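Coordinate inspection notes
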Amino acid sequence: MKERIKSLVLASLVAASLVQSYFLIYRLPGGGDSIVTSETNYVKTENMGQERDIEELIFPDQMMIHLGEDKHTVFYPGNTFYQLIYSRLQGRTFDDFQRRTVQSVNWDQIRKDNPGIELSFKEGIPVALLQRVMRLGTDSLFQGETINRIAIYTAKNETKAHALFFSAKGDVVYEATQADLTVQDVQQHVDFGTNWTPYTLTDGGYYIPAEPLDAVEADVPTGQFTVEQMQRSLFFDPSMTRNIREKDGSEIYTDSKRSLQVKQDQRWISYTDPAAPPAGQIDAAKDALSAVDFVNQHGGWKGRSRMMLDTVDNKTQLEFQQYYGSFPIMDSVQFRFGTISMEMQQETVSSYERSLEYLNEGAETKKSVKLSGGDKLKALIEKVAGESRQVVDVYPAYRPSTIEGGLKLIPVWVIRFSNGEETTVS
C-alpha cells in the first residue's frame, strides 16, 4: 500500500514538474499567453484576428475589360468574373521581357480599338511580390521594377496575344514576348464582359458607368479589441509599461522605448518603435513580407484587405485597406477605420496604426441601392472638380458611419485628384 502511495506521489511530482516547465518555456512572465518566435523574430501573442499570407493581400483594385470599338466594362474584387479571370491569369506564364519606352506604346488607342484585359494595381507592386501571385520569368531589369498596370490584348489579323507590364515610374513598359495565352483565351475572357454594365473611358483616362451601378448598403455589427489585448500583444512585458494621459483625452503606454497611443473616441491605436536600424538599401518586398508577419503576430486581420506600398525617405510605407464585398472601406481623418498603416525600415516596424473596432460579417442587414452613373455622375464630378482640379480616378467605395452596435457602410463614388486629394459623391 505504501509503495502504491509513493508511486502516486512521485507521478504527481513529475506531472507538476512537466506543467511547470511548460509554463516557464511557453508562457510570458505573469501568466501571459503562449509565444512563438517567427522567422523575423516577431513574437506571437494571443489570437485576436486571423493570419494572412501575403498572396491573399495582393490583387488588382480594378479589372477593365476592353471589348473593342471603344466599348469597356469594369469588374471589381469579389465579382465572380473578376475572380475567374484573375485566377486563370495567375496560372499562365509570362517570360522573356523586352523593355520599351512608354511613348512607343500608344496604350490609349490600343484599349479603344482592341479587345483585352487591363489589371490596375494603383500605386504599384514590386515585381518580387507580383511573382508570388503570377508566373513571371526572371530578368535583371524587370526584376527591379514596380508594376502598376498589366494589359493583355489581341490585335486584328494577329495570331499572338500581347502582354504589357507598365512601370509605376511611368517611363517604360515591358512586353512579355513569351506568354502562354492564345488569342482565343483572351477573347473568352473578354466575352465575360459583353453583357455587363457598359463603362465610358473619359478623356482623363478613368472609367465611369454609362448607367447607375448596383450596390449594397449594409448595417454591420462590430466587435472591438481591448486596449489590454493590444498592450499584451505589442509589449513583451506589459507590467513594465507606464500610462500617460494626454490633454486631448488619448492615452499613451510606454516602456521607455516603444509607445502605444490609444485614441478612445476614435477607437484607434498608434504604435511606434523609434529604434531604427542602420541605414541601408531599401527592399520593399522584404519589408512587405515582414510587415505582414508582424500583423499576423500582433492583432491579425479581420475581413479581406488589399496591400498598397510606397518607398519614401529610406522607409517603406504600407497601407492595408479593408474591403467589404467588392468595394474598399474608406479611412478618413474624420472617421478612422478600415486600414492598417505601417512604416518599415530594414524589415523592422517603426510605426503601426490600426482600428480597435472590427466588422462582425455574417450578421449584417443589407439593402440594394444605386450609385449614380452616366450624365448624372459626370455632372457630379464636374461640380466637385471645378476648373482648377484634375480628376485622375473615380472608383466605388464604402463610407462608414457609426450606428448603435455597429457601422453603416454607405456606397459612394470616390473622386481622386492629381494632387492626391479625394472627395466623395453618390
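Please refer to the structure placed before this passage.
Below or above, wherever it landed, is the structure these notes cover. None of the values given here were measured: they were computed from a predicted structure. (Residues numbered from 1 in each chain as written. Predicted model: local features only at pLDDT ≥ 70, side-chain atom pairs only at ≥ 80, totals over all residues. Heavy atoms only, no water.)

**What about the overall build of the protein chain?**
- The secondary structure content of the protein chain amounts to nine helices and 25 strands.
- For the protein chain, the proportion of its 426 residues judged to be buried stands at 48%.
- The contacts in the protein chain between residues at least 6 apart in sequence include a share of 66% that link residues at least 24 apart.
- Carbon and sulfur atoms make up 47% of the accessible area of the protein chain, which amounts to about 21,400 Å² in all. (Helix = DSSP H or I, 4+ residues; strand = E, 2+ residues; numbered from the N terminus. Buried < 20%, exposed > 50% of the residue type's maximum accessible area, 1.4 Å probe, protein only. Contact = heavy atoms within 4.5 Å. Areas by Shrake-Rupley, 256 points an atom, 1.4 Å probe, with all protein chains shown as cover.)

**Quick word on the pairing of strand β13 (residues 251-254)**
- Residues of β13 alternate between two faces, with E251 and Y253 on one and I252 and T254 on the opposite face, all of them buried.
- Relative to β13, strand β12 (residues 242-245) is paired through four bridges, and the arrangement is antiparallel. Within the sheet, the bridge partner assigned to R245 lies in β13 and is E251.
- What sits between β12 and β13 in their antiparallel hairpin is a turn of five residues, with G249 showing a positive phi close to 95 degrees. (Pairing = 2+ DSSP bridges.)

**A few points about the environment of Q143**
- On the secondary structure map, Q143 appears in helix α5 (residues 140-143).
- Linking Q143 and L129, residues 14 residues apart in sequence, is a C-alpha distance of 10.0 Å.
- The contacts of Q143, once residues within four sequence positions are left out, are V127, A128, Q131 and T138.

**Focus: unusual backbone geometry**
- The phi dihedral of E69 is positive, around 55 degrees, even though this residue is not glycine.
- Its place among the elements puts E69 in the loop between β1 (62-68) and β2 (71-75).
- Look at E347: it is not a glycine, yet its phi comes out positive at around 70 degrees.
- The topology assignment puts E347 in the loop between β19 (339-345) and β20 (348-355).

**Considerations on the side chain of T254**
- For T254, the position within the fold is in strand β13.
- Classification of T254 as buried rests on a relative accessible area of 10%.
- Within the local environment of T254, its side chain forms a polar contact with the backbone nitrogen of S256, the two atoms lying 3.0 Å apart.
- In terms of polar contacts, T254 uses its side chain to reach the backbone carbonyl oxygen of R258, at 2.9 Å.
- Contact partners of T254, with chain neighbours within four places excluded, come to F235, M240, T241, R242, I244 and S259. (Polar contact = N/O pair within 3.5 Å; in protein donor to acceptor, adjacent residues only side chain to side chain.)

**A closer look at the nonpolar core**
- With 67 residues, the main nonpolar core has F94, F165, M307, F320, M342 and Y352 as its most contacted residues.
- The biggest single contributor to this core is helix α8 (residues 284-297), with seven residues.
- Not counting residues within four places of it along the chain, the set of residues in contact with F320 comprises L57, A291, V292, W301, S305, R306, M307, G338, T339, I340 and M342.
- Judged by nonpolar contacts, the second largest core, of 32 residues, contains V74, V220, L359 and W413. (Core = buried A, V, L, I, M, F, W, Y, C linked by side-chain atoms within 4.5 Å.)

**Considerations on the pattern of salt bridges**
- In the structure shown here, the tally under the stated rule is 20 salt bridges.
- For the salt bridge of D108 with R111, the shortest nitrogen-to-oxygen distance reads 2.8 Å. Of this pair, D108 and R111 both sit in helix α3 (residues 107-113), three residues apart, which is roughly one turn of that helix.
- Note that R149 is salt-bridged to E118, the shortest N-O span being 3.4 Å. Here E118 lies in strand β4 (residues 115-126) and R149 lies in strand β6 (residues 146-153), a separation of 31 residues in the sequence. (Salt bridge = Lys/Arg side-chain N within 4 Å of Asp/Glu carboxyl O.)

**Describing helix α7 (residues 227-234)**
- With six of its eight residues buried, α7 lies for the most part within the structure.
- Every buried residue of α7 is listed here: V227, Q229, M230, Q231, S233 and L234.
- Structurally, α7 contributes buried residues whose contacts are with β13, β14 (259-263), β15 (268-272), α8 and β20.

**Section: the packing of aromatic side chains**
- In total, this model carries 21 aromatic pairs according to the counting rule given.
- Centroid distance F75 to W196: 5.6 Å. Interplanar angle 80 degrees. Geometry classified as edge-to-face. One end of the pair, F75, is in strand β2; the other, W196, is in the loop between α6 (183-191) and β9 (199-201), with 121 residues separating them in the sequence.
- Taking the relative accessible area as the measure of exposure, F75 reaches 0% and is therefore buried.
- According to the relative accessible area criterion, W196 is partly exposed, its value standing at 36%.
- Look at F327 and Y398: their rings are 5.6 Å apart centre to centre, the planes differ by 40 degrees, and that puts the pair in the tilted class. Taken together, the residues F327 in strand β18 (residues 327-328) and Y398 in strand β23 (residues 391-403) connect sequence positions 71 residues apart.
- Judged by relative accessible area, F327 falls into the buried class, the value being 6%.
- According to the relative accessible area criterion, Y398 is buried, its value standing at 4%.
- Here the aromatic residues F94, F97, F142, F165 and Y174 are joined through ring pairs into a cluster of three or more.
- Seen from the ring of Y395, K122 lies directly overhead, with NZ or CZ sitting 3.5 Å from the centre. (Phe/Tyr/Trp six-rings, centres within 6.5 Å; stacked < 30°, edge-to-face > 60°. Lys NZ or Arg CZ within 6 Å of the ring centre and 35° of its normal.)

**Things to note about α8**
- Here α8 spans 20 Å end to end across 14 residues, near enough to the 20 Å set by a 1.5 Å rise per residue.
- Among the 14 residues of α8, 12 are classified as buried, and the element is accordingly described as predominantly covered.
- Every buried residue of α8 is accounted for by A284, A285, D287, A288, S290, A291, V292, D293, F294, V295, N296 and Q297.
- The first or second residue beyond α8 is G299, which carries a positive phi of 120 degrees. (Expected span 1.5 Å × (residues − 1).)

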